[in-house]
Structure formats: C-alpha cells, structure tokens
Amino acid sequence: MRDQYSILFQQVYEEYSDKVYGYLLLLTGKKEVAEDLTQETFLKVYKHLEHFNGDSLIFTWLVKIARNVAIDYLRRVNRLRFFSLDKFSIQSNQPSPIEIIVKGEKTSLLYKAIKSLKLSYQEVLILRKIKEFSIRETAVILGWSENKVKITTSRAMAALKKELKRRGELIEEII
C-alpha cells in the first residue's frame, strides 16, 4: 500500500513542486528558504498523502500545506517579509528593452505597494491576483469562508489602489 502512495507522491511532486516553490518564493522572497520550505512541504505531503480525501483539488491542498509551512517559518524567524523584488523576473515574448524596463518598473511599484499592506491583504492578493486561485480555492488555502475571501479581496484591492495613489502612481497603468 505504501508503494502505491510512493508512486502517487512522485507524480504529485513532479507535477506541482515548481508551482509550490514559486508560491513559497513569493511569500518568503528568498530562493534558499523557498527551496527548504518546498522540501518541508513535500515531506509533510508524503507523510499525509494517504489522508488526502479529495474534498479539494490536490494543488489547493498542497498550497495550504505550503502556506502553513511558510507561516511557521516566518514566525520562527520573527519576520513578516513576503517577497523580494530582486528575485522576481519578468518573462514575455521578445519585448523591446524599453518595454522590459517599463514593465519591470511597474511590477516593482506594484509589489512594493502590495508588500506595504497588512498580511491578510498580501496573502489574498498573492493567491487571487498573482497566483490566480479561484475564490473557493483561496478560501480553502486560507481557511476562510468564500464570502470573507471576496470581501478581503475587495478591501485589499481598495487598499492597494489607495497605497498606489499615496505614492503618486497612476493606478490604471500599474494594475
């Protein structure tokens, strides 16, 4: 029976490890930390895979575990820093150098503004707007009701717009 779970685990790891790593990189901002937390996440997944009951998508379940691992880490190091812009790279289909610079500056401004928001707003914006999870998936990951996700997303977007305006940025160009 354990061999069956080992094969399933290998498939899950191969399909989702890069996505989990990307999520953890956004939350922690450090490549090495994200790598360690990805390992820790999949260790927990391996230990508890037989308890996955299919109430949610496997990826939603994985991200919820990764989020808990990341929060534990952030508590341990007593930091609430989520991501570093230095590690964020922009990829697109052969843009001009000027387009790269402009897009990079806009992305940088957006992430700095998100980083200045309170923790719950950062989390919901990362999950809903950056990682593009559904309302239901976000609710499962955060342990919230779907209504709370909707309300918090709305409030987070309003706070983000207010922060960008406070910084003197043209909101439509950035968001």
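Just above sits the structure.
Residues numbered from 1 in each chain as written. Predicted model: local features only at pLDDT ≥ 70, side-chain atom pairs only at ≥ 80, totals over all residues. Heavy atoms only, no water.

A. View of the overall build of the protein chain. Helices and strands together make up the secondary structure of the protein chain, namely 8 helices and 0 strands. Walking the protein chain from its N terminus toward its C terminus, one meets helices and strands in the order α-α-α-α-α-α-α-α. In the protein chain, the proportion of contacts linking residues at least 24 apart, taken out of those at least 6 apart, comes to 65%. (Helix = DSSP H or I, 4+ residues; strand = E, 2+ residues; numbered from the N terminus. Contact = heavy atoms within 4.5 Å.)

B. Region of the structure containing the pattern of salt bridges. Under the definition given, this model contains 3 salt bridges. Salt-bridge contacts for Glu-123 lead to Arg-67; the nearest nitrogen and oxygen are separated by 2.8 Å. One end of the pair, Glu-123, is in helix α5 (residues 119-130); the other, Arg-67, is in helix α3 (residues 58-76), with 56 residues separating them in the sequence. Residue class for Glu-123 comes out buried when judged on its relative accessible area of 5%. (Salt bridge = Lys/Arg side-chain N within 4 Å of Asp/Glu carboxyl O. Buried < 20%, exposed > 50% of the residue type's maximum accessible area, 1.4 Å probe, protein only.)

C. Structural context of the packing of aromatic side chains. Tallied over the full model, the rule gives 7 aromatic pairs. Where Tyr-16 meets Phe-59, the ring centres are 5.4 Å apart and the plane angle is 20°; that geometry is what we call stacked. Of this pair, Tyr-16 sits in helix α1 (residues 2-28) while Phe-59 sits in helix α3, and the two are 43 residues apart along the sequence. In this structure Phe-59 comes out as buried when scored by relative accessible area, which is 19%. (Phe/Tyr/Trp six-rings, centres within 6.5 Å; stacked < 30°, edge-to-face > 60°.)

D. Layout of helix α2 (residues 31-48). The first and last C-alpha atoms of α2 sit 26 Å apart over 18 residues, in line with the 26 Å expected at 1.5 Å per residue. Along α2, the residues that are buried comprise Val-33, Ala-34, Leu-37, Thr-38, Thr-41, Phe-42 and Val-45. All buried residues of α2 lie within an arc of 165° about the axis, which places them on one face of the element. Exposed and facing more than 90 degrees away from the buried side of α2 are Asp-36, Gln-39 and Lys-47. (Expected span 1.5 Å × (residues − 1). Arc of directions from axis to C-beta.)

E. Highlighting the environment of Leu-43. Structurally, Leu-43 can be placed in helix α2. Owing to a relative accessible area of 46%, Leu-43 belongs among the partly exposed residues under this scheme. Taking the C-alpha atoms as reference, Leu-43 lies 9.9 Å from Phe-9; in sequence the two are 34 residues apart.

F. Structural context of α3. Between its first and last C-alpha, α3 extends 27 Å over 19 residues, near the 27 Å set by a 1.5 Å rise per residue. Buried residues dominate α3, accounting for 14 of its 19 residues.

G. Focus on the packing of α2 against α3. Two numbers describe how α2 lies on α3: the axes approach to 9 Å, and their chain directions differ by 125°. Taken together, the axes of α2 and α3 lie oblique to each other. Between α2 and α3 lies a crossing of right-handed hand. Contacts between α2 and α3 involve Val-33, Leu-37, Glu-40, Thr-41, Phe-42, Lys-44, Val-45 and His-48 from the first element and Trp-61, Leu-62, Ile-65, Ala-66, Val-69, Ala-70, Tyr-73 and Arg-76 from the second. (Axes fitted to C-alpha atoms, helices over the stretch in contact; angles between N-to-C directions. Parallel < 35°, antiparallel > 145°, perpendicular 65-115°, else oblique. Left-handed = near helix turned anticlockwise from the far one by under 90°.)

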